[in-house]
Amino acid sequence: MAVREAEPVASLSEVKEAGLDREDLLGVYRNMLVTRGVEERGHILYRQGKIPGSFYTGRGNEAAAVGVATAMGPEDVGTPLHRDMGVHITRGVEPWRVFAQYMGRSDGPTKGRDGNVHMADARLGMIAMVSHLPAMLPVAVGCALAFRIREEARVAVGWFGEGASARGDAHESMTFAGTRRLPVVFICDNNQWAYSTPTHLEYATEHVADRASAYGFDGVVVDGTDVLAVYREAKRAIEKARGGGGPTLVECLTLRMEGHAVHDDAFYVPKPVFEEWAKQDPIERFRVWLQEHANMTTEEEEEIGAGVKKLLNDALQRAEESPLPDASGLLEGVYATPEDLDTPHHK
Ligand SMILES: Cc1ncc(C[n+]2csc(CCOP(=O)(O)OP(=O)(O)O)c2C)c(N)n1
Ligand SMILES: [Mg+2]
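Parameters and conventions
Residues numbered from 1 in each chain as written. Chains lettered and ligands numbered in written order. Predicted model: local features only at pLDDT ≥ 70, side-chain atom pairs only at ≥ 80, totals over all residues. Heavy atoms only, no water. Near = heavy atom within 4 Å. Polar contact = N/O pair within 3.5 Å; in protein donor to acceptor, adjacent residues only side chain to side chain. Areas by Shrake-Rupley, 256 points an atom, 1.4 Å probe, with all protein chains shown as cover. Nonpolar A, V, L, I, M, F, W, Y, C, P; charged D, E, K, R; others polar. Donors = N, O, S within 2.8 Å, 3.2 Å for Na, K, Ca; no water. Tetrahedral: all angles 85-135°; square planar, octahedral: opposite > 155°, others 65-115°. Buried < 20%, exposed > 50% of the residue type's maximum accessible area, 1.4 Å probe, protein only. Core = buried A, V, L, I, M, F, W, Y, C linked by side-chain atoms within 4.5 Å. Helix = DSSP H or I, 4+ residues; strand = E, 2+ residues; numbered from the N terminus. Contact = heavy atoms within 4.5 Å. Phe/Tyr/Trp six-rings, centres within 6.5 Å; stacked < 30°, edge-to-face > 60°. Lys NZ or Arg CZ within 6 Å of the ring centre and 35° of its normal.

Around ligand 1 sit 15 residues, and of these H82, R83, S131, A164 and W193 come closest. Measuring from an oxygen atom of ligand 1, one finds a side-chain N or O atom of N191 at 2.9 Å. For ligand 1, an oxygen atom lies 2.6 Å from a polar atom in the backbone of W193. For ligand 1, whose unbound accessible area comes to 580 Å², protein coverage reaches 72%. Split into classes, the residues belonging to the shell around ligand 1 amount to five nonpolar, seven polar and three charged.

Quick look at the coordination of the magnesium ion (ligand 2) now. Protein ligation of the magnesium ion (ligand 2) involves E162 (OE), E162 (OE), N191 (OD1) and W193 (O), the donor distances falling in the range 2.1 to 2.6 Å. Because the angles between the six donor atoms bound to the magnesium ion (ligand 2) fall within 52 to 173°, the donor set is best described as irregular. Here the donor residues of the magnesium ion (ligand 2) are spaced in sequence according to E-x28-N-x1-W. Accessibility classification places N191 together with W193 in one group, the buried group.

What follows covers the nonpolar core. Counting residues in hydrophobic clusters, the biggest one holds 70 residues, and the most contacted among them are V38, F99, F286 and L290. Broken down by element, this core gets its largest block of residues, nine residues, from helix α9 (residues 227-242). Apart from the residues within four sequence positions on either side, V38 is in contact with M85, I89, P95, V98, F99, Y102 and L312. Counting 25 residues, the second-largest nonpolar core is a separate cluster that includes L137, A156, Y203 and F217.

Another point: the packing of aromatic side chains. Per the stated rule, a full pass over the model turns up eight aromatic pairs. Here F55 and Y102 contribute two aromatic rings whose centre-to-centre distance is 4.8 Å and whose plane-to-plane angle is 85°, an arrangement assigned as edge-to-face. Separated by 47 residues along the polypeptide, F55 in the loop between α2 (22-47) and α3 (62-71) and Y102 in helix α5 (residues 95-102) bring together distant segments of the chain. Taken together, a centroid distance of 5.9 Å and an interplanar angle of 20° make the contact between Y215 and F217 stacked. Members of the aromatic cluster, each reached through a chain of ring pairs, are Y29, F286 and W289. Its end group placed over the ring of W96, R318 keeps NZ or CZ at 3.7 Å from the ring centre.

So far we have only geometry, and geometry alone does not tell us how the molecule works.
What follows is the structure, given as structure tokens:
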């Protein structure tokens with residue numbers, strides 16, 4: 001064991017210390033429910049033949065994605081990937097726009113121009129992913145370098161999968177960020193599979209985060225099904241980076257609970273492994289925690305659940321009303337307009 005393993009968060013007062021009150025916690029729970037609900041309904045849309053291409057989900061990764069995004073400041077930037085719907089939801093992307101994106105409609109963040117998970121709303125501080133992995137890490141590091149040059153107290157968060165960690169651009173990003181002590185936090189979504197490749201064929205250390213010390217910064221391994229532990233570690237890392245303390249590599253350990261995408265039934269993952277990790281479902285874990293430590297009542301739970309259901313129903317309807325893009329506008333939006341760039345994220 002070369003890196004620290006994060007401790008679970010034991011009580012409401014510990015969470016308060018880390019910056020969240022009870023109301024915030026219920027919001028985190030709601031964001032996790034919305035995240036899963038968006039992907040479940042997206043899957044139905046796919047089965048109905050309404051989504052072009054394939055369809056990706058981050059089932060099992062809701063706590064990791066929502067936990068990290070909750071720890072980010074409003075002016076921070078991030079490069080979430082195909083398992084990180086929770087980041088988009090937590091940063092405020094409305095579900096109807098995600099459904100519109102899934103269906104290639106003009107109200108999706110890419111206005112119907114790219115595939116379903118290749119999206120982000122720059123106004124909310126996110127940069128859309130490209131397919132090549134882990135090509136968003138150099139982008140996140142570049143943002144951090146810009147923040148340093150402009151003397152802005154902002155942090156960039158870059159996501160990568162454990163499979164993508166084997167590629168050169170991951171090493172180049174971390175070497176550069178480490179030598180310059182840039183304000184960037186690397187989040188490894190370690191879901192134990194890169195398509196059908198298991199972790200022992202991806203990296204030879206015990207943890208991906210073991211590498212951090214070689215780049216000259218801290219690494220930590222977190223149970224990625226524990227939203228509060230993820231939040232606390234991400235918050236520490238982000239505030240350390242903001243304060244000039246340099247990067248951290250936060251590895252969130254989960255299991256990819258579905259196939260690589262809907263065309264893949266994950267036959268290569270042993271069934272007992274799924275059964276074991278299903279017991280650690282991140283939403284169920286947090287629901288029980290809230291009941292035990294924050295006195296979440298049945299009424300509150302039902303109210304949140306009903307609110308999410310209505311939100312998603314309305315969102316689906318609104319997305320279906322969104323028009324398909326018109327071919328005459330194909331060249332629009334290729335370059336950002338000055339107004340588009342007039343946000344705290346593009347000074
Ligand atoms: C450079 C590159 N090679 C191959 C692919 C095809 N591909 C997309 S996702 C993926 C698996 C990546 O695994 P991991 O980094 O563990 O992320 P996960 O999908 O498990 O979240 C592969 C091989 C790609 N997008 N980019
Ligand atoms: Mg993986």
